[in-house]
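Chain by chain, the residues:
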Amino acid sequence: MAETGEEETMPAEASGFSDLSDSEFLDLEDTQESSASLSKPGPSSGLPGKDGMLINFPKWKRGLDVLPPMERFHLKYLNVTDLSTQNWCEQQMVYGKELPGFLSPEKAAVLDTGASIHLARELEVHDLVTVPISTKEDAWAVKFLNILSMIPTLQSEGRIREFPVFGEVESVLLVGVIDELHYTAKGELELVELKTRRRPVLPLEAQKKKDCFQVSLYKYIFDAMVQGKVTTASLLHHVKLHPEKPLGPSVLRHAQQGGFSVKSLGDLMELVFLSLTLSDLPVIDILKIEYIHQETATVLGTEIVAFEEKELRSKVQHYLAYWMGHREPQGVDIEEAWKCRMCNYADICEWRKDRGVQSATLEPQAKKAK
């Protein structure tokens, strides 16, 4: 039985995985969610806020006095979707980090619909139980209990949804949630990533590229988990968890109902890591992306992704170099300037202005791309 932790007074990061589901938050026709890296807006740059007032965006100075993005954004880990959106436009993601509440009502509605579809699919295979929590240790304990409840299903070749994954890659902790894992008729373990579309058309290749990177990174992290390459020490170091801290009464009660005799987060972590490595779970064999129409739930098409580890690691190293402060963020190349037409931050984007990408040039390129 899956769990969802509900926090009332804690920041989003403390909940363990700030994005409970790494579902698609990108619709090329009319929406563009989080994306990727910071640019250097001028002192007069700004965006309209919810009340119509202009939100000023500070001009960033580049130099040794600027903290690495991981520190500047106060991040202990990154979500898989943080890296996958860098594949779309790194510059856009950083603007999203700087202005986290900037989301149009239309885009919010699209995201809500997509989240509802994901939830409905999850409820097809298990119930959800709300477990009250008050500490980040409780929040992560809920994630670990979810994993423990799903391992037996995977061992018996069943189907699971919303499986949490985490692991250290290039000295950075990455976390995410796999939409679905099941076995094929041939006994192969298949990952399925659900992407909903506002319009009944398949995405452009640029979005498919982003989606393929996302599922490949899921496989890389999941495989490391079942192969014993993820350690408790790494997780404790990055998230600053206290393994000796007793779990809250609600979490303890639920653990006992699940047949787990634990008292602290450390007890639970030890049980999870032992279960992952001793359960003989296979690595993921097949990566599949399924695109469906939001309104009709019609399957628009599927994409089978070839896993290329060398290429994946190269991209991850490049994306993480930004987060570690080793390079400045980058926007799109001139050939992909049509993406700017759908970006909320186009008017303040210094990357676009520095390269002379004017709005007049975007329309023809967008049409040509379609």
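Refer to the structure printed above.
Each value, and the rule that gives it
Residues numbered from 1 in each chain as written. Predicted model: local features only at pLDDT ≥ 70, side-chain atom pairs only at ≥ 80, totals over all residues. Heavy atoms only, no water. Helix = DSSP H or I, 4+ residues; strand = E, 2+ residues; numbered from the N terminus. Buried < 20%, exposed > 50% of the residue type's maximum accessible area, 1.4 Å probe, protein only. Contact = heavy atoms within 4.5 Å. Areas by Shrake-Rupley, 256 points an atom, 1.4 Å probe, with all protein chains shown as cover. Phe/Tyr/Trp six-rings, centres within 6.5 Å; stacked < 30°, edge-to-face > 60°. Lys NZ or Arg CZ within 6 Å of the ring centre and 35° of its normal. Pairing = 2+ DSSP bridges. Salt bridge = Lys/Arg side-chain N within 4 Å of Asp/Glu carboxyl O.

*Asks:* For this particular structure, what's the right way to read the overall build of the chain?
*Replies:* Assigned secondary structure in the chain consists of 11 helices and 12 strands. Counting the 370 residues in the chain, one finds 54% classified as buried. A separation threshold of at least 6 residues defines the contact pool for the chain, and within that pool the share at least 24 residues apart is 73%. Accessible surface computed for the chain: about 17000 Å², of which carbon and sulfur atoms make up 52%.

*Asks:* For this particular structure, what's the right way to read the packing of aromatic side chains?
*Replies:* The relative placement of two aromatic rings is captured by the distance of their centres and the angle of their planes. Going through the model one piece at a time under the given rule, you end up with 11 aromatic pairs. Ring centres 6.3 Å apart and planes at 65 degrees place the aromatic pair Phe-73 and Trp-323 in the edge-to-face group. Here the residue Phe-73 occupies a position in the loop between α1 (69-72) and β6 (78-79), and Trp-323 occupies one in helix α9 (residues 309-323), the gap between them amounting to 250 residues. The class for Phe-73 is buried, based on a relative accessible area of 14%. What makes Trp-323 buried here is its relative accessible area of 0%. An aromatic cluster is present here, built from Tyr-77, Trp-140, Phe-144, Phe-166 and Phe-273 joined pairwise through their rings. The ring of Phe-73 carries Arg-72 above its face, with NZ or CZ at 5.0 Å from the centroid. The ring of Trp-88 has Lys-339 lying over it, and the distance from NZ or CZ to the ring centre is 4.2 Å.

*Asks:* Help me understand the side chain of Ser-84, please; the structure alone is not making it clear to me.
*Replies:* Within the secondary structure, Ser-84 is located in helix α2 (residues 80-98). Apart from residues no more than four positions distant in its own chain, Ser-84 is found in contact with Lys-210, Phe-213 and Gln-214.

*Asks:* How should I be thinking about the pairing of strand β11 (residues 286-293) in this particular structure?
*Replies:* Here β11 lies mainly inside the structure; eight of its eight residues are buried. Alternating residues of β11 divide into Ile-286, Lys-288, Glu-290 and Ile-292 and Leu-287, Ile-289, Tyr-291 and His-293, and every residue in both groups is buried. Relative to β11, strand β10 (residues 189-197) runs parallel, the two sharing eight bridges. Among the inter-strand pairings, Glu-190 is bridged to a residue of β11, identified as Ile-286. Across six bridges, the pairing between β11 and strand β12 (residues 299-305) is antiparallel. Bridge pairing in β12 links Ile-292 to Val-299.

*Asks:* Hey, could you run me through the pairing of β10 in this one?
*Replies:* Strand residues, when the strand is regular, have side chains that alternate between the two faces of the sheet. Of all nine residues in β10, nine are buried; the element is thus mostly enclosed. Burial along β10 is two-sided: the face carrying Leu-189, Leu-191, Glu-193, Lys-195 and Arg-197 and the face carrying Glu-190, Val-192, Leu-194 and Thr-196 are both buried. Joining the antiparallel neighbours strand β9 (residues 172-183) and β10 is a turn of five residues, in which Gly-187 adopts a positive phi near 85 degrees.

*Asks:* Where do I start with the environment of Pro-69 in this structure?
*Replies:* Mapping Pro-69 onto the fold places it in helix α1. Once the C-alpha coordinates of Pro-69 and Glu-328 are considered, the two residues, 259 residues apart in sequence, prove to be 9.8 Å apart.

*Asks:* What is the right way to look at the environment of Thr-196 in this model?
*Replies:* Relative to the helices and strands, Thr-196 resides in strand β10. Placed 95 residues apart in sequence, Thr-196 and Tyr-291 show a C-alpha to C-alpha distance of 5.7 Å.

*Asks:* What am I meant to see in the pattern of salt bridges here?
*Replies:* Note on pairing: side chains with opposite charge can pair once their charged atoms come close. On inspection of all chains with the given rule, the structure shows 17 salt bridges. With a closest N to O distance of 3.2 Å, Lys-195 and Glu-193 form a salt bridge. You'll find Lys-195 and Glu-193 in the same group, each marked buried. With a shortest N-O distance of 2.6 Å, Asp-223 and Lys-219 are connected by a salt bridge. Of this pair, Asp-223 and Lys-219 both sit in helix α5 (residues 205-226), separated by four residues, roughly a single helical turn. One exposure class covers both Asp-223 and Lys-219, and it is buried. One continuous salt-bridge network, built from bridges that share partners, spans Glu-193, Lys-195, Lys-210 and Asp-211.

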